[in-house]
Amino acid sequence: MICHPRRHLLVWTALLMRWSNQQKPQRKKSPLRDRIRRLVRLVKWGGGLLIVLGIAGAWYTHRLSRFAEQQFSRSFRWDIPSKIYSDVEYLFPGLDIKRRRLQEKLDRLGYRNTGDGIHSPGDYAMRPNGIEIFLHHFDYPLQKFEGFPVRIAVSGSVIDHIGRIDSGERIATMRLEPELIATLFDDTMEDRSLVTLQEVPDACLQSIILVEDERFFRHHGIDPKGIARAFFANVRALRIAQGGSTLTQQLVKNYFLDSERSFQRKIKEAIIALIIEQKHSKGEILEAYLNEIYLGQRGASSVFGFGEAARLYFAKEARQLTAGECALLAGMIRAPNRYSPFRDKDAAAQRRNFVLNRLHEAALVDDTVYHSAITEPLILPKQRERLTNAPYFIDFVRTQLRELYPDTQLSAEGLRIFTTLDMTNQLIAEQAVSNGVATLEKDYATLLPKDHAGKLQGALINIQPQTGYIRSLVGGRGYLDTQFNRVVQSQRQPGSIFKPFVYLTAFDPHRGEEVVAPTSYIYDVGFQVQSGGKPWTPHNYDKKEHGPVSVREALMKSYNIATARLAIDVGLNNVVKTARDAGIEADLQAVPALALGAFEVSPLEIASAYTIFANNGIRAEPLSLIHVVAADGTTLKRKSIEMKRRFDPGPVYLVTQVLKDVFNGGTASSARQMGFHGIAAGKTGTTNNYRDAWFVGFTPDQLTLTWVGYDDNATMNMSGARGALPMWVHYMREAVGDSQQEFPVPNNVVLVKIDPESGKAWTKRCPQSIFAPFVEGSEPTEHCPLH
Amino acid sequence: MDMKHVGISALIGLLLFPSCSWYERTAGKMRKKEGGTTYTKQVPGEKGPVKLEVQKLEGTNLATIQSPQRAASMRVVDQGRGELSRGQLDAALQTFQEAVTLDGSNGVAYYYLARAHYQLGHHEQAMGLLERAEALLGKNAGWELTIEALREMIRNEADGTNPGAT
């Protein structure tokens, strides 16, 4: 039968009114009879009113019951924000932990520096000759990892060996879990990690019940005894010293209702609490409470539930909480911010001890546990200074995520996204850019335009060329000022950093119309050609012409005239093809100005193209996202390293060898004075009217590009060597050091004895000789004509 | 000039003999020089054949270098090989990828990464990674054959002539 309470109410009311209006037969009047008559009338009216109220109440209760069930039966579908993680970090014998800033990393990962021994996951302690770490448990995309204690023995700052403390077993390599670098919230900014009852220690459950609702298992949603007790306690204290709400009522207040304080809301809360208790078990209610209760702030986001609170305050999973930690969290429920150990450690300790005393008095913890917990020092993880690290990188990742998933899914379904970011190097990169640009503004203030509206900007990207992994990405000097990501979004002229692609075309016998070698000679002498119907004349930056120069010197010193001439000789269409094969997708026109980088491209694109030089002709596709995992652990998306040979290794090797000379006598020689002494190859870039300063430099396993300029293309009067190189040097010195790794030699490169003056095959008449590299098959075909 | 002077001249000539350009040109022998083996080669030129003195570049054999990164990377490769043998292809692929990031010049890691991709049916990716493995390991005869064998299997599978090869 379908219930229509409203219709029933109307019918009853109508009936009552009819009954009351009916004419009664005249009777003899007597006082007793009148009183009885009045009494009967009263009973009728009262009964009627009760029936009406009863029906109204039933209808209201029914409505609330449906509301509560709807909300509750959405199976506690809280919105769980998605989280973005950095890459893992491997530790192994031979690694320099000072260079890798290991202690700072442990702090960022939320490990607690206990000062002495380590006892539980998340502890670490520095020792005179090493570090002890109790590794966190961590759910990797395809593997659950259970943490264990390790000792890392170091010699100086270099790892000597690693061993498990529990078993004594030596470990060859050890993995530190990825760092949480960003959380993707919805508008509510609620952060939580769901837990089940089984995942929470008994001490936590006992503490909560003891402190918040001692009669939880004895009442049915509301506790009149508790209300009365709280009433008298508050009267005695002349303030609100106790609350009378049960856990169920608190859950209802937080989960179902708004924060309005009114009598009507209190009534609603009580009725819903009764309904919930009727329809759900105590366990279900307690579990919902564990995940709903507010327990503090992490910056602008609110932390709800014991799962996330355990991470915030103790950098642990909830199941790892000690009795003392449970007591503190339970004690904080009443006033999370007042009792926050980050805010007031003493107040937090006192509150914890209060709860522990209650537990001990109730014999819920024995003497040993009690004494251990009450004397346990409050050791907290270092509070994260910034809630979002690597903001430009995160934006870049989010853009890719949005192409795969809607925002509602990202902010609500608790995805875990694993990236390629190396957080240690990212922080170095951010410092390099912000300090670098500020230093330029100070040291070269006279060169920069006066009273320029926008600030001088910088950008940096670091790629591991052998994998394509983007390890650092800084899109500007300050994200708070401008979120425009100059690495990815800006389109700038590359200028001279495009030149290596011209020379690559020239060195490759299968690409250029004319094959040259680094020792060939070319004329750096002014010329004019028609381009786009207009005369075009290249000029060198030093405004000079250098006559016949070796191709090596032309690239090393970045001569515009020689390069433009070479590009025309080898075929501009061939140069375009080379650029395309390297992965440059920009709009390229086969005109002479192409040789000087007169087109627009993003720093990411040009840096990715340069991976072919570091990899001897193999391009690695840039990668920032590796894994996307759903809340239940299933892999939603996986991206892998993609590489493809695009060029013959021989010509690439020749270009790289010349680019090495850029550091040794070329346009980046000043890097040596700045303190960079490693083996690297690179190219400076300066665009027309000094609008852009570029530097791209690489070792076999690191490729870094830096850029400096104004967003509005204003002239800044700085070359690549002056503007961009110092940032590059800062980054490489801190992140990489002086790498001595040589570039691998391909099979098809030989050294041929030549006369250095002519660049041709040496004869006995030549006074000097050198051995110079050539691609096999393009050795000199002429003897030296000069001697 | 008496015989004594002739004798002294001859002695001096003999001492200087190894550095004589004439000797170098006519000896036609392979000689070890710093940086590689030197040999002569003749190439056709516009005005006739051109004789060149050529040295093979002996770079570092990346397959055999010893470094902490290489040692760590190889241990991770071993872990991945275990996963591969147990059929845990996704896990193996992830592990080999980590091995490569640990040491980007470890050709063995690239080879196994290519292998994992091949077993997952990602032929194009496998081929690309094999190119990298070959660039790093190609100087070692054993690996040359191994790489070529895998390449052949990928080609066959891509052509549909060898399905399900492991």
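About the thresholds
Residues numbered from 1 in each chain as written. Chains lettered and ligands numbered in written order. Predicted model: local features only at pLDDT ≥ 70, side-chain atom pairs only at ≥ 80, totals over all residues. Helix = DSSP H or I, 4+ residues; strand = E, 2+ residues; numbered from the N terminus. Contact = placed C-beta atoms within 7 Å. Rg over C-alpha atoms; globule rule 2.2 N^0.38 Å. Buried ≥ 20, exposed ≤ 12 C-beta atoms within 10 Å, placed from the backbone. Nonpolar A, V, L, I, M, F, W, Y, C, P; charged D, E, K, R; others polar. Pairing = 2+ DSSP bridges. Axes fitted to C-alpha atoms, helices over the stretch in contact; angles between N-to-C directions. Parallel < 35°, antiparallel > 145°, perpendicular 65-115°, else oblique. Left-handed = near helix turned anticlockwise from the far one by under 90°. Core = buried A, V, L, I, M, F, W, Y, C linked by C-beta atoms within 7 Å. Expected span 1.5 Å × (residues − 1). Domains from an automatic or database assignment. Arc of directions from axis to C-beta. pLDDT = per-residue confidence, 0-100.

Asks: Looking at this model, I keep getting lost on the overall build of chain B. Mind explaining?
Replies: Of the regular secondary structure elements, chain B holds 7 helices and 3 strands. Ordering the α and β elements of chain B from the N terminus gives α-α-β-β-β-α-α-α-α-α. In chain B, the proportion of contacts linking residues at least 24 apart, taken out of those at least 6 apart, comes to 39%.

Asks: What is the right way to read the overall build of chain A from this model?
Replies: Check the secondary structure of chain A and you find 24 helices and 31 strands. What you see for chain A is a C-alpha radius of gyration of 37 Å, clearly larger than the 28 Å of a compact globule of 787 residues, by over 25%. Dimensions of chain A, computed from C-alpha atoms along their principal axes, come out at roughly 155 × 70 × 50 Å. Across the 787 residues that make up chain A, the buried fraction comes to 46%. A sequence separation of at least 24 residues applies to 69% of the contacts in chain A between residues at least 6 apart.

Asks: What's the story with the environment of B:G104 in this structure? I'm lost.
Replies: Mapped onto the secondary structure, B:G104 falls in the loop between α4 (89–102) and α5 (107–119). Among the residues examined, B:G104 registers 25 C-beta atoms within 10 Å and is labelled buried. Through-space distance from the C-alpha of B:G104 to that of B:Q69 is 9.1 Å; in sequence the pair is 35 residues apart. When neighbours within four sequence positions are excluded, B:G104 is seen to be in contact with A:Q464, A:Q466, A:T467 and A:D701.

Asks: Sorry, what's going on with the interface of chain B and chain A here?
Replies: By a widespread convention, an interface's size corresponds to the accessible area lost as its parts come together. Between chain B and chain A, the contact holds 41 residues from the first and 45 residues from the second. Looking at the side of chain B that touches chain A element by element, the count peaks at 9 residues for α4(B). Residue composition of the side of chain B that touches chain A, by class: 17 nonpolar, 15 polar and 9 charged. With 3 bridges connecting them, strand β30 (residues 749–754) of chain A and strand β3 (residues 50–56) of chain B associate as antiparallel partners.

Asks: I'm lost on the pairing of strand β27 (residues 681–686) of chain A in this one. Help?
Replies: Each regular strand displays side chains that alternate between the two surfaces of the sheet. Residues and elements named next belong to chain A. For β27, the buried fraction is high: 6 of the 6 residues fall into the buried class. Burial along β27 is two-sided: the face carrying A681, K683 and G685 and the face carrying G682, T684 and T686 are both buried. Relative to strand β28 (residues 692–699), β27 runs antiparallel, the two sharing 6 bridges. Residue pairing for β28: G685 is matched across the bridge by W694.

Asks: How do you make sense of the packing of α5(B) against helix α7 (residues 141–159) of chain B when you look at a structure like this?
Replies: Geometrically, a packed helix pair is captured by the angle between its two axes and the distance between the axes. Residue and element names in this part refer to chain B. At a minimum axis distance of 11 Å, the contact between α5 and α7 shows a crossing angle of 20°. In this view, α5 runs roughly parallel relative to α7, as classed from their interaxial angle. Considering how the two elements wind past one another, α5 and α7 form a crossing that is left-handed. Where α5 approaches α7, its residues Y111, A114, R115 and Y118 are matched on the opposing element by I147, L150, M153 and I154. Across the contact of α5 with α7, the residue classes tally to 7 nonpolar, no polar and 1 charged.

Asks: I'm lost on the sheet that holds strand β17 (residues 457–464) of chain A in this one. Help?
Replies: Backbone hydrogen bonds are what pair the strands of a sheet, in a parallel or an antiparallel way. Residue and element names in this part refer to chain A. Judged by pairing direction, the sheet is antiparallel, and its 5 strands sit side by side in the order β18-β17-β29-β28-β27 without closing on themselves. Of all strands in the sheet, those bounded by a partner on one side alone are β18 (469–474) and β27. Strand-to-strand, the axes of this sheet are offset by a mean angle of 10°, without reference to chain direction. The pairing of β17 with strand β29 (residues 702–709) spans 7 bridges and is antiparallel. Bridge pairing in β29 links A459 to W707. Across the sheet, helix α15 (residues 423–443) touches β17, β18 and β29, and the angle it forms with β17 is around 150°.

Asks: How do you make sense of the environment of A:Y559 when you look at a structure like this?
Replies: All names here are of chain A. Mapped onto the fold, Y559 is located in the loop between α17 (551–556) and α18 (560–570). For the pair Y559 and L106, spaced 453 residues apart in the sequence, the C-alpha separation amounts to 48 Å. Setting aside chain neighbours within four positions, we find Y559 in contact with D524, N540, H546, V549 and A554.

Asks: Explain the nonpolar core to me, please; I cannot follow it from the model alone.
Replies: Side chains of a nonpolar character, in soluble globular proteins, are inclined to be buried together. With 238 residues, the main nonpolar core has A:C204, A:Y610, B:F96, B:L113 and B:A114 as its most contacted residues. If sequence neighbours within four positions are ignored, B:A114 has contacts with B:A126, B:L129, B:L130, B:A133 and B:L150.

Asks: Is there a simple way to think about α5(B) in this case?
Replies: Because the α-helix completes a turn every 3.6 residues, residues three or four places apart line up on one side. All names here are of chain B. Between the first and last C-alpha of α5 there are 18 Å, a value that for 13 residues agrees with the 18 Å anticipated at 1.5 Å per step. The buried count for α5 comes to 12 of 13 residues, which makes it a mostly enclosed element. Among all positions in α5, only G107, V108, A109, Y110, Y111, Y112, L113, A114, R115, A116, H117 and Y118 are buried. Contact partners of the buried residues in α5: α3 (68–85), α4, α6 (123–137) and α7. One or two positions beyond α5, positive phi appears at G121, with a value near 85°.

Asks: Just checking my understanding: could you explain the sheet that holds strand β12 (residues 180–184) of chain A for this structure?
Replies: Residue and element names in this part refer to chain A. Sheet architecture is open: 5 strands sit in the order β12-β1-β16-β24-β25, paired in mixed fashion. The open sheet has two edge strands, β12 and β25 (635–638), and neither has a second partner. Adjacent strand axes in the sheet meet at a mean angle of 15° when their direction is disregarded. Most of the contacts of helix α13 (residues 391–404) go to strand β16 (residues 416–419), to which it runs at about 125°, and overall it touches β1 (82–85), β12, β16, β24 (625–629) and β25.

Asks: What should I look at first to understand the domain arrangement of chain A in this one?
Replies: Residues and elements named next belong to chain A. Domain assignment breaks chain A into domain 1 (5–21 + 33–72), domain 2 (82–184), domain 3 (190–374) and domain 4 (748–787). Here the C-alpha centroids of domain 2 and domain 3 sit 33 Å apart. Counting residues at the interface gives 8 residues for domain 2 and 7 residues for domain 3. Class assignment for the residues of the side of domain 2 that touches domain 3 results in 2 nonpolar, 5 polar and 1 charged.

Asks: Looking at this structure, I do not really get helix α11 (residues 345–361) of chain A. What am I missing?
Replies: All names here are of chain A. Given a rise of 1.5 Å per residue, 17 residues ought to cover 24 Å, and the 24 Å separating the end C-alpha atoms of α11 matches this to within 8%. By the burial criterion, the buried members of α11 are A348, R351, R352, V355, L356 and L359. Projected down its long axis, α11 carries its buried residues within an arc of 140°, all on one side. Exposed residues on α11 whose side chains face more than 90 degrees from its buried face are D346, Q350 and E361. For α11, the elements touching its buried residues are α4 (202–212), α10 (323–332) and α12 (367–374). Just downstream of α11 lies A363, where phi reads positive at about 60°.

Asks: Would you mind showing me how to read the confidence of the model for chain B here?
Replies: Do not read the predicted coordinates in detail wherever pLDDT is low. Residues and elements named next belong to chain B. Here chain B averages 80 in pLDDT, and 75% of its residues register 70 or above. Mean pLDDT across the elements of chain B ranges from a minimum in helix α2 (residues 21–27), with 37, to a maximum in α5, with 96. Ignoring residues within four places in sequence, the model shows residues 16–35, a span with pLDDT below 50, making 16 contacts including any to other chains. Under the prediction, the complex receives an ipTM of 0.81, its pTM being 0.83.

Asks: Hey, could you run me through the packing of α11(A) against α12(A) in this one?
Replies: All names here are of chain A. Running from amino to carboxyl end, α11 crosses α12 at an angle of 175°, the nearest separation of the two axes being 10 Å. Considered as vectors, α11 and α12 are oriented roughly antiparallel to each other. Listed contacts from α12 to N353, L356 and H360 of α11 are Y370, A373 and I374.

Asks: Please clarify how unusual backbone geometry should be interpreted in this entry.
Replies: Glycine aside, residues mostly have negative phi angles, and peptide bonds mostly take the trans form. Positive phi outside glycine occurs at A:A315, with the angle close to 50°. Note on placement: A:A315 falls in the loop between α9 (305–314) and α10.

Asks: Would you take a moment to explain the pairing of β18(A) for this structure?
Replies: All names here are of chain A. The buried count for β18 comes to 6 of 6 residues, which makes it a mostly enclosed element. Across 5 bridges, the pairing between β17 and β18 is antiparallel. Bridge assignment links L460 to a residue of β18, and that residue is V474. Hairpin connection, β17 to β18: the antiparallel pair is bridged by 4 residues, and G468 has positive phi, about 85°.

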